[in-house]
Amino acid sequence: MAWRINQSPNLTKLWVAGGNAGTAAISENFDIRSNDVDGLVGKAKELKADLVVVGPEAPLAMGLADRLGRLGIPVFGPSQAAAQIEASKGFALELMQKAGVPCPDFASVRDEAGAQAYIKSHPGPLVVKADGLAAGKGVLLCNDSEQAQAAVKLCMSDHAFGEAGDTVILEEYLSGPEVSVFAFCDGENLSPLVAACDYKRLGDGNVGPNTGGMGSFSSPDFWTPKLAVQVEQTIMRPVLQAMAEQGAPYKGVLYAGLMLTDAGPKVLEFNCRLGDPETQVVMPLLASDPLELMLACAEGTLNKVQVKWDERNYVGVVMVSGGYPEEYQTGFEIDGLDADDPEDTMVFHAGTKLGNDGVAGHPLTAGGRVLTVVGGGDNMDQARERAYARLERISFEGAAWRRDIGSSANQGAARSTG
Ligand code: AMP
Ligand code: GLY
């Protein structure tokens, strides 16, 4: 997001809270954690910020946008009430039910007896979810009733997801290709939609443990204008309207995780932010001024702004530390970042930092997810070739990545559970 904002003709100065070696090259980093709402509000006030763009969900669920709003500081990101669409799965499902938005059959339960009753009346595969924010964990895919019972116990008696699992959602197990769909919203209006797919599993061919995302591509070939209209009319607009009607108008980017089932697209989850690693392949598609767009979302004037998405393909490959998503070491030098760029490639940083010798220091690994290397092209093959050509020039000790991101064998089935 910082990379794209930095290209805006309307930008005077960019600061990044937290940040890494990548944002240090284009902005001024300051060391305030994303869940330190007091610290962030204080800093925005001190800097007299014209706009605050919130990346992650936690500070939104803690009310950062509300606090900034009360100070008259425009903010891109939903209020605490509207962020419930991600922070509480039960909230999202009940909203969809009320608005007639297609979603799996479900029950929201607060005790094991309630869970048992649903499991008994729904034999076969089920999905068990902790209701609250569980940092991308807390979703348990169960092939039968026995697994579902064990999953409920894990949430409710073992408290494996803390308070997030005090309320448990039981859901119909859907199958089909998955797609992440994004709309920029101002409470009432929404932008044209844009779509991407991400890869959750660690290994080539979708095997191994789940991760925070090993790669992504935009825009999927199956994402047709017809499908976009269907998703806008049956999902995005009704949700936006329902949120406004219940006094929590949605401002910011609305992310719908969809399963394209035989009975049409159904919603698996909403997020109140852009996704990782989808952002890395969606921001390059944005052909409009990012600051004008985000400010219009904040101020409710999106109907006055033209939002355009390029018709290109991008492929993003995530380079991770050896051992991720389990234990890994950090502090290794990253080489090859300055290599001559193959055409239309970008390297986005995640867990990186500058070495001790300051701004001129060498970038070091500082997390499990280190870089996303992105290539663009007129088709997916070209985009993929460029991404991997750029990636081959980068190295750090223990670096690991998938070799099959955006390859034709798994396009459209990046995360298919079918
Ligand atoms: P969520 O955080 O709710 O998106 O769940 C994480 C992942 O679990 C999704 O990306 C799907 O792959 C899978 N999943 C979630 N809900 C369901 C469902 N009802 N049926 C099948 N798979 C699901
Ligand atoms: N890529 C999935 C997420 O950001 O939640």
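Residues numbered from 1 in each chain as written. Chains lettered and ligands numbered in written order. Predicted model: local features only at pLDDT ≥ 70, side-chain atom pairs only at ≥ 80, totals over all residues. Heavy atoms only, no water.

Attention now goes to the site of ligand 2. In the neighbourhood of ligand 2, the contacting residues comprise D198, K200, Y255, N271, R273, G275, D276 and E278. Note that a nitrogen atom of ligand 2 is positioned 2.7 Å from one of the side-chain N or O atoms of D198. Contact distances for ligand 2 include 2.7 Å between a nitrogen atom and a side-chain N or O atom of E278. Here ligand 2, which alone exposes 200 Å², has 89% of that area covered by the protein. (Near = heavy atom within 4 Å. Polar contact = N/O pair within 3.5 Å; in protein donor to acceptor, adjacent residues only side chain to side chain. Areas by Shrake-Rupley, 256 points an atom, 1.4 Å probe, with all protein chains shown as cover.)

A word on helix α9 (residues 145-156). For α9, with 12 residues, the first-to-last C-alpha span of 16 Å sits near the 16 Å given by 1.5 Å per residue. Where α9 is concerned, the buried positions are A148, A151, V152, C155 and M156. When α9 is viewed along its axis, its buried side chains cluster within an angular range of 115° and face the same direction. Those residues of α9 that are buried are in contact with β5 (106-109), α8 (112-121), β6 (126-130), β7 (139-142) and β8 (168-172). In this structure D144 caps α9, since a side-chain oxygen of it lies 3.2 Å from the backbone nitrogen of E146. (Helix = DSSP H or I, 4+ residues; strand = E, 2+ residues; numbered from the N terminus. Expected span 1.5 Å × (residues − 1). Buried < 20%, exposed > 50% of the residue type's maximum accessible area, 1.4 Å probe, protein only. Arc of directions from axis to C-beta. Contact = heavy atoms within 4.5 Å.)

Take the sheet that holds strand β11 (residues 207-218) next. Ordered in space as β13-β12-β9-β10-β11-β14-β18-β15, the eight strands form an open sheet in which the pairing is antiparallel. Of all strands in the sheet, those bounded by a partner on one side alone are β13 (264-271) and β15 (345-349). Here the strands of the sheet are splayed against their neighbours by 30° on average, with no regard to which way each runs. When strand β12 (residues 251-261) meets β13, the two strands line up antiparallel, connected through seven bridges. Directly across from M259, in β13, lies its bridge partner K266. With respect to the sheet, helix α10 (residues 225-245) is in contact with β9 (178-186), β12 and β13, its orientation differing from that of β13 by roughly 45°. (Pairing = 2+ DSSP bridges. Axes fitted to C-alpha atoms, helices over the stretch in contact; angles between N-to-C directions.)

Further remarks concern the pairing of strand β14 (residues 313-320). Counting buried positions along β14 gives eight out of eight residues, so the element sits mostly inside the fold. With burial as the criterion, each face of β14 is covered, one bearing N313, V315, V317 and M319 and the other bearing Y314, G316, V318 and V320. As judged from the four bridges shared by β11 and β14, these two strands associate in the antiparallel manner. Along β14, the bridge assignment pairs F217 with V315. Sheet topology places β14 next to strand β18 (residues 369-377); eight bridges connect them, and they run antiparallel. Bridge assignment links N313 to a residue of β18, and that residue is G377.

In contact at an axis separation of 10 Å, α8 and α9 are set at 165° when each is read in the N-to-C sense. Of the possible angle classes, the one that applies to α8 and α9 is roughly antiparallel. Here α8 runs over α9; the crossing is right-handed. On α9, the residues that touch E112, A115, Q116 and I119 of α8 are S145, A148, Q149, V152, K153 and M156. A breakdown of the residues in the contact of α8 with α9 according to their chemical character gives five nonpolar, three polar and two charged. (Parallel < 35°, antiparallel > 145°, perpendicular 65-115°, else oblique. Left-handed = near helix turned anticlockwise from the far one by under 90°. Nonpolar A, V, L, I, M, F, W, Y, C, P; charged D, E, K, R; others polar.)

What follows deals with the pattern of salt bridges. Tallied over the full model, the rule gives 15 salt bridges. A salt bridge links E57 to R273; the shortest N-O distance between them is 3.0 Å. Here E57, found in helix α4 (residues 57-61), pairs with R273, found in the loop between β13 and α11 (279-282); they are 216 residues apart in sequence, far enough to count as distant. Classification of R273 as buried rests on a relative accessible area of 16%. E343 serves as the salt-bridge partner of R386, at 3.7 Å between the closest nitrogen and oxygen. Here R386, found in helix α13 (residues 380-391), pairs with E343, found in the loop between β14 and β15; they are 43 residues apart in sequence, far enough to count as distant. Among the ionic contacts, a cluster of salt bridges with common partners joins E57, E86 and R273. (Salt bridge = Lys/Arg side-chain N within 4 Å of Asp/Glu carboxyl O.)

Looking now at empty space enclosed by the protein. Inspection of every chain in the model, using the stated rule, returns one cavity of 30 Å³ or more. By volume, the largest cavity amounts to about 50 Å³. Taken together, M1, V54, G55, L60, F76, G77, P78, G252, V253, C272, R273 and L274 make up the lining of the largest cavity. Split by residue class, the lining of the largest cavity holds eight nonpolar, three polar and one charged. (1 Å grid on protein atoms, 1.4 Å probe; cavity = no way out; pocket = protein on both sides within 12 Å on 5 of 7 lines; lining within 4 Å. Points joined across faces, edges and corners; volume = space filled by probe spheres on them.)

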